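Below, each chain spelled out in residue letters.
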Number of protein chains: 2
Amino acid sequence: MAGLFRISEAVSIAFHGMGLLAVRGARMSGHEIANAICVSEAHLLKVFQRLARAGLVHSTRGPGGGFEITEDPRAVTLFRVYEAIEGTAECGVCLLGTTTCPFGRCIFGGETERMEKEFLDYLHRVTLADLSAKDEGGTNA
Amino acid sequence: MAGLFRISEAVSIAFHGMGLLAVRGARMSGHEIANAICVSEAHLLKVFQRLARAGLVHSTRGPGGGFEITEDPRAVTLFRVYEAIEGTAECGVCLLGTTTCPFGRCIFGGETERMEKEFLDYLHRVTLADLSAKDEGGTNA
DNA sequence: CATATTCAGGAATTATGGTACCTTTATTCC
DNA sequence: GGAATAAAGGTACCATAATTCCTGAATATG
Ligand code: FES
Ligand code: FES
C-alpha cells in the first residue's frame, strides 16, 4: 500500500482530472469529473479550487458551469499541476534535510538525487496532451 | 522542502543511525547516536525500538548499554531497514490506487512504475557496509 | 542493596490531509 | 424582476499518522 513517491491523493486527483479535461476538451462540472474518475466530489472540488487559483483551469459558477483548461494542453506539464497542489517540489541534496550529517558527504552519494531528478524531469516533460494521446493508441515521450 | 520520495524522518533516522553504527562497529547508546546525527533523541529511540524488534539491532539496557548491529553490515540492505520502519513497500501499478480509472490504461504508461522499481532496486542493492565504504577517504565527524 | 544509566512501551500531543457543510454567484424559468 | 436551482468558493470539522513525553523495567556498579 506504500508507494515510494510522495504522491498524495490530491495530486492523483489533479492528474486524473486534468487529464480527463484534456481528453474531453470541454467544460465539465466538478460533479461530472468526480463521478468519471470515481473519487470524492468534496475532495476533487477542493483540489480544483487550487488549480483554479493557480490559473490552470478557469471556473464558472452557476448552472452549466464547471471547469475548463485555460491553456493548450500541450503547454501544461504535469510538473505545473503537481506544483499547484503540493507547492514547489525541490529535490534536495539528500533524503534528509541538509542538517549536519555524521558522514562527510551524503551517504547516498548522489544516487538518490539522480533518481529524484529523473522523476522531476519526467514531470517536466510530460504534458496533459501526452496523457490524452496515450488514450488514442499513440506513443509517448 | 518537498522531497519526491516518500521518505519519512523516521526512515532517515534509521538510515543514518544504522550507517553510523556500521562505521563505528561498536555499541552506542541512543543518546550518543542522536547527538552524532543531530536528531531528536526521543524520535531516534522510538525508531531504534522498531529496529530492535525487527532484529536488526540488539539492545542492551543499563549503564554502558546501547545498540549494536546484529549482523554483518554487508548482509543488511537498506531495504530491510526501510521495511522495518515503514512496513512492506509495494510499488503499485499506478500512483493512484487501482481503483477504476477514466483512462483505458494507466496514463503514466508504466514509466512511474519503472522509476519506483529503480529506487526499490537501489534499496535492495545497497548495504550498510556500502554506506560506510563511501566514507573512506572523506572527512568524518 | 542502593543508585544511576539506559532501553521499552504506551499515552498524550501535534501535524497533516481529507470531509462536511454552509455561502456566494450565476443561470433559468416563471 | 424574483424565486428556484445549479454550481463553485470558503471555512470549520474530523481522522489518521507522526512525534514527543512519561513512567516502568532491566542491568551494571560501588
Ligand atoms: S545528508 Fe546524511 S546522508 Fe545525505
Ligand atoms: S490508475 Fe489512473 S492513470 Fe494510473
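Residues numbered from 1 in each chain as written. Chains lettered and ligands numbered in written order. Predicted model: local features only at pLDDT ≥ 70, side-chain atom pairs only at ≥ 80, totals over all residues. Heavy atoms only, no water.

The helix and strand tally for chain A stands at six helices and two strands. The order of helices and strands in chain A, counted from the N terminus, is α-α-α-β-β-α-α-α. Classification of the 141 residues of chain A by burial places 45% in the buried group. Sequence separation of 24 or more characterises 64% of the internal contacts of chain A that already satisfy a separation of 6 or more. Surface accessibility of chain A: about 6,600 Å² in total, with carbon and sulfur atoms responsible for 51%. (Helix = DSSP H or I, 4+ residues; strand = E, 2+ residues; numbered from the N terminus. Buried < 20%, exposed > 50% of the residue type's maximum accessible area, 1.4 Å probe, protein only. Contact = heavy atoms within 4.5 Å. Areas by Shrake-Rupley, 256 points an atom, 1.4 Å probe, with all protein chains shown as cover.)

A word on the pattern of salt bridges. A complete count under the given rule lists 14 salt bridges over all chains for this structure. In this structure, Glu118(A) and Arg114(A) form a salt bridge, with 3.6 Å as the shortest nitrogen-oxygen distance. Here Arg114(A) and Glu118(A) lie together in helix 5 (residues 111-125), a separation of four residues that amounts to about one turn. A single network of salt bridges, built from pairs that share partners, joins Glu111(A), Arg114(A), Glu118(A), Glu111(B), Arg114(B) and Glu118(B). (Salt bridge = Lys/Arg side-chain N within 4 Å of Asp/Glu carboxyl O.)

Moving on, we get to the protein's contact with DNA strand D. Close to DNA strand D lie 20 residues, the nearest being Gly30(A), Ser59(A), Ser40(B), His43(B) and Pro63(B). Among atoms of DNA strand D positioned within 4 Å of the protein, sugar and phosphate together represent 75%. Contacts to DNA strand D include Gly30(A), whose backbone N or O atom sits 2.7 Å from a phosphate oxygen. Note that a phosphate oxygen of DNA strand D is positioned 3.3 Å from one of the side-chain N or O atoms of His43(B). In terms of residue class, the surface near DNA strand D is made up of four nonpolar, 12 polar and four charged. (Near = heavy atom within 4 Å. Polar contact = N/O pair within 3.5 Å; in protein donor to acceptor, adjacent residues only side chain to side chain. Nonpolar A, V, L, I, M, F, W, Y, C, P; charged D, E, K, R; others polar.)

What follows covers the protein's contact with DNA strand C. Taken together, 24 residues sit near DNA strand C, with Arg61(A), Gly30(B), Lys46(B), Ser59(B) and Arg61(B) positioned nearest. In the interface set of DNA strand C, defined as its atoms within 4 Å of the protein, sugar plus phosphate atoms amount to 67%. Within the side chain of Lys46(A), an N or O atom sits 3.3 Å from a base oxygen of DNA strand C. At a separation of 2.9 Å, a base oxygen of DNA strand C approaches a polar side-chain atom of Arg61(B). With four residues, the top contributor of residues to the surface near DNA strand C is helix 3 (residues 41-53) of chain B. Here the surface near DNA strand C is built from residues that sort into six nonpolar, 12 polar and six charged.

One recurring pattern in soluble globular proteins: nonpolar side chains tend to sit buried together. Of all hydrophobic cores here, the largest spans 91 residues; its most connected members are Phe48(A), Leu51(A), Phe48(B) and Leu51(B). For Phe48(B), the residues in contact, after removing those within four places along its chain, are Gly17(B), Met18(B), Leu21(B), Ile33(B), Val57(B) and Phe67(B). (Core = buried A, V, L, I, M, F, W, Y, C linked by side-chain atoms within 4.5 Å.)

To continue, consider the confidence of the model for chain A. Overall, the predicted model of chain A reaches an average pLDDT of 85, with 83% of residues at or above 70. In the model, residues 135-141 of chain A has pLDDT below 50 throughout and makes seven contacts with residues more than four positions away in sequence or in other chains. (pLDDT = per-residue confidence, 0-100.)

Residues and elements named next belong to chain B. Taking 1.5 Å of rise per residue, 16 residues should cover 22 Å, and helix 1 (residues 9-24) covers 22 Å from first to last C-alpha, within 8% of that figure. In terms of burial, helix 1 is a largely internal element, 13 of the 16 residues being buried. Where helix 1 ends, the next residue or the one after it, Gly 25, has phi of about 70°, a positive value. (Expected span 1.5 Å × (residues − 1).)

So, about the pairing of strand 2 (residues 66-69) of chain A. Residues and elements named next belong to chain A. Note that strand 1 (residues 57-60) and strand 2 share four bridges and pair antiparallel. Bridge pairing in strand 2 links Ser 59 to Phe 67. Following strand 1, the chain reverses through five residues before pairing antiparallel with strand 2; Gly 62 in that reversal takes a positive phi of roughly 85°. (Pairing = 2+ DSSP bridges.)

A separate point is the packing of aromatic side chains. All told, the structure shown has five aromatic pairs over all chains when counted by the stated rule. With centroids separated by 5.1 Å and ring planes inclined at 20°, the aromatic side chains of Phe5(A) and Phe5(B) adopt a geometry described as stacked. Of the two residues, Phe5(A) is situated in the segment before helix 1 (9-24) and Phe5(B) in the segment before helix 1; the pairing between them involves two chains. Given the relative accessible area of 2%, Phe5(A) is considered buried. Ring centres of Phe48(A) and Phe67(A) lie 5.0 Å apart, and the angle between their planes is 50°; on these two criteria the pair is classed as tilted. Of this pair, Phe48(A) sits in helix 3 (residues 41-53) while Phe67(A) sits in strand 2, and the two are 19 residues apart along the sequence. Per residue, the accessibility class of Phe48(A) equals that of Phe67(A), and both read buried. (Phe/Tyr/Trp six-rings, centres within 6.5 Å; stacked < 30°, edge-to-face > 60°.)

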